Each structure stands twice: as structure tokens, then as C-alpha cells.
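Remarks on the overall topology
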Amino acid sequence: MKERKPIDPELRRYLDELARQAESIPATLINEARVRLARTSILKALENRGPIPGLPNSVETGEIAISGALAARLYTPAQASITPLPVLVYLHGGGWVVGSVATHDPFCRLLCEAAELIIASVGYRLAPEHRYPAGLEDTLTAIDWVTKHAAEWGGNPAQLLLGGDSAGANLAAVAANQLCTASAKTPLCALMLLYPVTDHPNANHPSYTENGTSYGLGSDLMRWFWGQYAPGIAPDDPGISPLQLQRIPALPPTLVATAEYDPLRDEGVAYAEKLKAAGIDTTHIHAADMNHNFAVHPGTVARFPQCDAALAKIASWLRTTLGKGQCG
């Protein structure tokens, strides 16, 4: 096994703090966990993070109704140098069970400012109340709706991007694979996958064991998430495990971010390699001393320079990719 760069010492202290709390989320406490996560994420971000040098310090936000109970939070740069703006449809992480547009509000604000684009953060339905394929259906509905309505709020429907983190990146990857077929009616300019879930735990990737405990996201918790989201679905079904898709479609330029101390590391790395082998323009960012969710979780993004560096790389990639003029 290759020698690994040690985990960031300050991150180790932070994770030890979190370890004092319960790592698992019993089904009877799902709603409580959702509320607690939202409060913790927002408060940490607002209390710990000051102004970011060199970036605009405000964004405009609003709520948009998509279909039925499906809605999204809209982020628009306060000062934009171009119009109309590209639009990123974003899917939050949280194991398809927890997480919301509220928990990911700080990250979306930061990315909106840094990349100078509109973000539509989608509040898709969560398991176990709404199991697979509910979240995927909501993702596809949101993409279609945003494409049709982006121009109404200053967005460019010809510059549509799709992205997410963790379980949200799983939804983004699966949706992109469906949309980017020969018969696709919704062309995508870019795909952004941050520490994506791309394979079922039954695949037994080594990082599930190597990083299974003490790094924030535990392997047992990840298996529990899977049990809430897709019980009874074949583990190798590409609708839940995009790494198992036999033929990669003509995806747009894709960013895959992974972290060394993450049980999802190996499946994320494997997905990046599979996309490259299929001829997809793929950029892989790897955080050698960080853990799952480091660039998105406000508790870490407010404390670690690696998180700012990752945000800057992601934003730079988005601007560069859009600047290539492959769509729009």
C-alpha cells in the first residue's frame, strides 16, 4: 500500500470533537438529525467565517417553486460581469436521507460568488419516506424546469451545468448519464461531482475498510444510508451505481473531487479513471490530507485553508470550462 500523507492535525482534532457525538443516525431520530444538521451547519458557517479576500461579499437569494412540493433555492451573484449567467443545478449531499438546501447554503453562496454563476440548489425528496428513484426523478424534473425557465431570472439555458456532493453527486452522475445519450434533449456544459457515491458498498472498495471509522463519515453509516435509499435494488444497477454503467455516454467536461480519508475515495477515483478511459474531458482533484465533505461542510470550510483552495480550484475549473465555449 502506498504511503499516505498524514491527515491534517487540526482536522484530526475537529473529527475527534465530532466523535464525542453519536456517529450513527437511528431511523427513529431522522427528523431530529435533519434539524440538528441544518442548525449546526448554518451556525458554524455564520459564526466562524469572515470575509473572503478577493471575492464579492454578497449574493442574492430567492426561492423558486418547480413542481408540486419540489422547490429550489436560487443564488445569483450581486455583481456579474456577464449576462445572461450560466446556471448550475446543484444536488446536496446527506446520504439521500439528511441534508437540505439549508445545510448547503454557505457552500452555495461561496461557489456562486467565486464562479460567477447562478446556482439552483434543489430540495429533492429524501429517503426513507421517498426511496429510489424519487430523488433521481426530482433531479430530472428540476433540470428540465430550470432549462425552460432560466431566462426568466437572468440565466442562460444554453449554459446549463449539473453538480452535487456525495449522495447529491450520485444523483447528478446518474442523471447526466441519462441526459447525455444520443437522444438527449438537455445538453449539459459541465458536470461537477464532489466526493461522489458511485458504487454500492457490496463492491467492497478497500477505502470502505481503510477509512471506515474515525474520519467523520463511517462505513457503517454509509451502508445504513444505502439501506434507506435503495433497499431491494440490485447493487450493480447503474441507476444507483453509475460506476457499473457499461458504456459511458458523451458526457460534458467533468470534475471529480475526492479525499484521501474518505470511505468513498476509491469509487470516486475509479469513476474519474473510467471517464478518462472513455475519452471524457475529466479533471480529478484529490485532497491528500482531508476527509469526506471537507470542501462543503461549513464546520471545515470555515477552518481549513485546504477548503478555500479546493473552492478556488472548483470555481476556476467552472469558469475555464465555460470559457471554452463548448455550449452557449
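As the structure is a prediction and not an experimental result, all values here were calculated from the model.

1. Some thoughts on the sheet that holds strand S8 (residues 282-291)
- Reading across the sheet, the 8 strands line up as S1-S2-S4-S3-S5-S6-S7-S8 and stay open at both edges, with mixed pairing between neighbours. Single-partner strands in this sheet number two, and they are strand S1 (59-67) and S8. With direction set aside, neighbouring strand axes in the sheet form an average angle of 20 degrees.
- Where strand S3 (residues 85-91) meets strand S4 (residues 118-122), 5 bridges bridge the pair, whose relative direction is parallel. Bridging across to S4, Leu-91 finds its partner in Val-122.
- Along the sheet face, helix H3 (residues 105-115) touches S1, strand S2 (70-77), S3, S4 and strand S6 (190-194) and points at about 40 degrees away from the line of S2.

2. Topic: the packing of aromatic side chains
- Taken as a whole and assessed by the stated rule, the structure comprises 9 aromatic pairs.
- On the numbers, 6.5 Å between centres and 20 degrees between planes, the contact of Trp-145 with Trp-153 is stacked.
- For Trp-153, a relative accessible area of 17% puts it in the buried group.
- Taken together, a centroid distance of 5.0 Å and an interplanar angle of 45 degrees make the contact between Tyr-215 and Tyr-261 tilted. One end of the pair, Tyr-215, is in the loop between helix H6 (206-210) and helix H7 (219-229); the other, Tyr-261, is in strand S7 (residues 254-261), with 46 residues separating them in the sequence.
- On the accessibility criterion, Tyr-215 (13% relative accessible area) is buried.
- Judged by its relative accessible area of 5%, Tyr-261 falls in the buried class.
- The structure contains a cluster of three or more aromatic residues connected by ring pairs, namely Trp-96, Tyr-132, Trp-226 and Tyr-229.

3. Section: the nonpolar core
- With 61 residues, the main nonpolar core has Trp-96, Val-146, Trp-153, Leu-162 and Met-222 as its most contacted residues.
- Top contributing element to this core by residue count: helix H5 (residues 167-179), with 9 residues.
- When near neighbours in sequence (up to four residues on either side) are disregarded, Leu-162 contacts Leu-88, Val-89, Leu-91, Ile-143, Ala-172, Ala-175, Ala-176, Leu-188, Ala-190, Leu-191 and Met-192.

4. Some points on the side chain of Asn-211
- Relative to the helices and strands, Asn-211 is located in the loop between H6 and H7.
- Classification of Asn-211 by relative accessible area gives buried; the value is 0%.
- In terms of polar contacts, Asn-211 uses its side chain to reach the side chain of Arg-4, at 3.0 Å.
- One polar contact links the side chain of Asn-211 to the main-chain carbonyl oxygen of Asp-262, over a distance of 3.0 Å.

5. Notes on the pairing of S4
- The buried fraction of S4 amounts to 5 of the 5 residues, a majority that puts the element mostly inside the structure.
- The alternating pattern of S4 places Ile-118, Ala-120 and Val-122 and Ile-119 and Ser-121 on opposite faces, both of which are buried.

6. Considering the pairing of S8
- As paired elements, S7 and S8 share 7 bridges and run parallel to each other. Opposite Val-256, over in S8, you have His-284 as the bridge partner.
- Between the parallel elements S7 and S8, the chain passes through helix H8 (residues 265-277) in a crossover that is right-handed.

Cut-offs used in this document
Residues numbered from 1 in each chain as written. Predicted model: local features only at pLDDT ≥ 70, side-chain atom pairs only at ≥ 80, totals over all residues. Heavy atoms only, no water. Pairing = 2+ DSSP bridges. Helix = DSSP H or I, 4+ residues; strand = E, 2+ residues; numbered from the N terminus. Axes fitted to C-alpha atoms, helices over the stretch in contact; angles between N-to-C directions. Contact = heavy atoms within 4.5 Å. Phe/Tyr/Trp six-rings, centres within 6.5 Å; stacked < 30°, edge-to-face > 60°. Buried < 20%, exposed > 50% of the residue type's maximum accessible area, 1.4 Å probe, protein only. Core = buried A, V, L, I, M, F, W, Y, C linked by side-chain atoms within 4.5 Å. Polar contact = N/O pair within 3.5 Å; in protein donor to acceptor, adjacent residues only side chain to side chain. Right-handed = clockwise from strand over helix to strand, strands pointing away.

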